[in-house]
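# Overview (structure and organization)
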Amino acid sequence: MHVVKHRDKVKYLFVFLAVAFLLLIVNACGAGETSGENINNDSSGSKAGTVQLYHVEGTKVVPDEDRYQLLQPDNPSAALEEIIEQLTLIKGMEIERFLMDADGNVTVYMTISSEITGDQLLLSKAALVRSVQEIKVDKIAICIQDNKEGILEMATYTDASFYYYDE
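Calculation criteria
- Residues numbered from 1 in each chain as written.
- Predicted model: local features only at pLDDT ≥ 70, side-chain atom pairs only at ≥ 80, totals over all residues.
- Heavy atoms only, no water.
- Pairing = 2+ DSSP bridges.
- Helix = DSSP H or I, 4+ residues; strand = E, 2+ residues; numbered from the N terminus.
- Axes fitted to C-alpha atoms, helices over the stretch in contact; angles between N-to-C directions.
- Contact = heavy atoms within 4.5 Å.

With that settled, consider the pairing of strand β8 (residues 150–157). Across seven bridges, the pairing between strand β7 (residues 140–146) and β8 is antiparallel. Counterpart to C143 in the pairing with β8 is M154. Remark: three residues form the turn of the hairpin made by β7 and β8, two consecutive strands paired antiparallel.

Right, let's get into the sheet that holds strand β6 (residues 106–112). Remark on secondary structure: sheet strands pair via backbone hydrogen bonds, oriented parallel or antiparallel. Read across the open sheet, the four strands follow the order β5-β6-β7-β8; overall the sheet is mixed. The strands lining the two open edges of the sheet, one partner per strand, are β5 (93–100) and β8. Neighbour to neighbour, the strand axes of the sheet diverge by 20° on average, direction disregarded. Pairing of β5 with β6 involves seven bridges; the strand directions are antiparallel. Along β6, the bridge assignment pairs L99 with T107. Contacts from helix α2 (residues 76–86) reach β5 and β6 within the one sheet, and its direction differs from that of β5 by about 175°. Those strands touched by helix α3 (residues 118–132) are β5, β6, β7 and β8, and its axis lies near 145° from that of β7.

Put into structure tokens, the structure is as follows:
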């Protein structure tokens, strides 16, 4: 009978070690998971439901002083409308309209005056794209038009389309 008890102890010890090992493996495999949430390691102090808007300042694209709190962060098309309304544009530029398709691609129609330089236009497109990218859209098509000649340019951008010297 003494041998049976010893075997039972060994069996329980083996089961205990096997369970502990499995728990350790499961815990280690799940250590890198983020529970379905996107973690933003951005040092700008991002908060849920907020976006960082950008504007042109001289020859740079710079972030606005404060993050903008979206009223409807879970509604991409409403969030896009809020972002467009809050953007600071260069004098002589105006966003006429914008669309978001079912795939999350955005098209923005901008009218520019003849006083806008090529550099100002490029920086403004970069600020627009960088601001709209905050709501996780795939591509942003920008249609540039003027009052006289109609459509001047139509191109599709992502944030990677621009190089930012300060980064």
